[in-house]
Amino acid sequence: VLWVGASDGLRSYDGYRWKRYGVADGLPSSFIRSVFPSRSGALWVGTDRGAGIWRDNRFELVATATNLAGPSVRRIREEPDGTLWFASDSWPDATVAAGLTSLKDGVWRKWTTADGLPVNHQLSFFRDSAGNRYSLNAERPAVRHGDRWIPLTLPDGPNPKVWEMAEVPGRGLFVVDSDGGRVFIIGQGVTNTIPINRYSFQSVLATSKGEVVLAVRESMNSRLVTVETNGLRPLSVTPQILDNPVE
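Numbering of residues starts from 1 in each chain and follows the order in which that chain's sequence is written. Whole-chain, interface and lining totals are the exception, using all residues; otherwise, since this is a predicted model, local features are given only for residues with pLDDT of at least 70 and side-chain atom pairs are given and counted only at 80 or more. Side-chain metrics rest on all non-hydrogen atoms present in the structure, leaving aside hydrogens and water.

**Some points on the overall build of the protein**
A run of H or I in DSSP counts as a helix once it spans at least four residues, and a run of E counts as a strand once it spans at least two, with each numbered from the N terminus. For the protein, the helix and strand inventory stands at 0 helices and 23 strands. Within the protein, the fraction of its 247 residues that count as buried is 46%. Per-residue accessibility takes into account occlusion by the displayed protein chains alone, with areas from the Shrake-Rupley method and a 1.4 Å probe. Accessible area for the protein stands at about 12,300 Å²; split by element, carbon and sulfur atoms hold 49% of it. To sort residues, take the accessible area from a 1.4 Å probe on protein chains only and compare it with the maximum for the residue type: under 20% means buried, over 50% means exposed, and anything in between is partly exposed.

**Overview of the environment of Ser-208**
Along the chain, Ser-208 falls in the loop between β20 (200–206) and β21 (212–218). Separated by 40 residues in the primary sequence, Ser-208 and Val-168 have C-alpha atoms spaced 8.9 Å apart.

**Re the confidence of the model for the protein**
In the predicted model, the protein carries a mean pLDDT of 84, and 80% of its residues have values of at least 70. The pLDDT value expresses, per residue, how confident the predictor is, ranging between 0 and 100. The contact criterion used is simple: two residues touch if any of their non-hydrogen atoms lie within 4.5 Å. Throughout residues 234–247 the model reports pLDDT below 50, and contacts reaching past four residues in sequence, or to other chains, amount to 24 contacts.

**Describing the nonpolar core**
Proteins that are soluble and globular tend to have nonpolar side chains buried together. Among the nonpolar cores identified, the biggest contains 12 residues, and these are Phe-36, Ala-42, Trp-44, Ala-51, Ile-53, Ala-63, Leu-68, Val-73, Ile-76, Leu-84, Phe-86 and Leu-103. Leave out the neighbours within four places in its chain, and Trp-44 touches Ser-34, Val-35, Phe-36, Ser-38, Gly-52, Ile-53, Val-62, Ile-76, Leu-84, Phe-86 and Leu-103. Only buried residues count toward a nonpolar core, which is a set of Ala, Val, Leu, Ile, Met, Phe, Trp, Tyr and Cys residues joined through side-chain atoms within 4.5 Å. By size, the runner-up hydrophobic cluster in this structure holds 10 residues, among which are Leu-136, Val-143, Leu-173 and Phe-184.

**A few points about the pairing of strand β2 (residues 9–13)**
Any two strands with at least two DSSP-identified bridges between them are counted as paired. Relative to β2, strand β1 (residues 2–6) runs antiparallel, the two sharing 5 bridges. For Val-4, the partnering residue across the bridge sits in β2 and is Arg-11. Here β1 folds back onto β2, and the loop between the two strands holds 2 residues. Sheet topology note: the β2/strand β3 (residues 18–21) ladder contains 4 bridges and is antiparallel. Counterpart to Ser-12 in the pairing with β3 is Lys-19.

**A closer look at the pairing of strand β5 (residues 43–47)**
Across the 5 residues of β5, 5 count as buried, placing the element largely inside the fold. As judged from the 5 bridges shared by strand β4 (residues 32–37) and β5, these two strands associate in the antiparallel manner. When the sheet's bridge partners are listed, Pro-37 is paired in β5 with Leu-43. Counted along the chain from β4 to the antiparallel partner β5, the turn is 5 residues long, and its residue Gly-41 has a positive phi close to 95 degrees. Across 5 bridges, β5 lies against strand β6 (residues 50–55) in antiparallel orientation. If you follow Thr-47 over to β6, its bridge partner there is Gly-50. What sits between β5 and β6 in their antiparallel hairpin is a turn of 2 residues.

**Some thoughts on the sheet that holds strand β7 (residues 58–63)**
With antiparallel pairing, 4 strands are arranged side by side in an open sheet as β4-β5-β6-β7. Looking at the sheet topology across the chains shown, the edges are occupied by β4 and β7. With strand direction ignored, the average angle separating the axes of adjacent strands in the sheet is 30 degrees. Note that β6 and β7 share 5 bridges and pair antiparallel. By the bridge assignment, Trp-54 is partnered in β7 with Phe-59. The angle between two axes is taken between their N-to-C directions and runs from 0 to 180 degrees, where each axis is a line fitted to C-alpha atoms and a helix contributes only its stretch in contact.

**A word on the sheet that holds strand β14 (residues 142–145)**
Reading across from one edge, β12-β13-β14-β15 is the order of the 4 strands in this open sheet, with antiparallel pairing throughout. At either margin of the open sheet sits one strand with a lone partner, and together these are β12 (122–127) and β15 (148–151). For this sheet the average axis-to-axis angle between neighbouring strands, irrespective of direction, equals 30 degrees.

Okay, structure coming up:
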């Protein structure tokens, strides 16, 4: 079953037909911000009013303002040991609380600027193969050291606004500046920068072949590109120009 979150509800596609789920089906809001299948088989759904598990065609609200750093759950991620992370931002309501939340062995913990995060407005969470945990937020990425988060210092200009990160064994971490048109490659104690100013980055992922694929926006068009050691090139196996902006 394919699950898709949209601003007007949660949708499923079983190969034959689409079905829409909304507040009448137990969702606290029809504004779906994230959908994440966990290793345990649970389907987590994040909304602007909390997150929970979808099971037996009903939504079970599990994460609320009580145990979340913020109710608007933009991303849900999972570590190999099953620890879940909820990245909450202050959008679309700038007055709501935000931050990171972890759920491990049934214990919830909130992480905010009081714990060293550069800003509470969180965009995502990333864990690399070495076990380092990263906060991706609206100001600058930070890495966790014990119970504190330490902001990363990256070269060549202002602090990056990082939406996503990716890792390729042997090549390092790929950090994309969504607004500044830069790709940082962190590996073997050295940080290299690829400046591509005409692009606005939307997302990044690493393939099983070791390629790094970026979803980028150029003017009003969107395209997919792969990262090279000296720049970016269009990804030849997919259309370069997409009908709609990549989200």
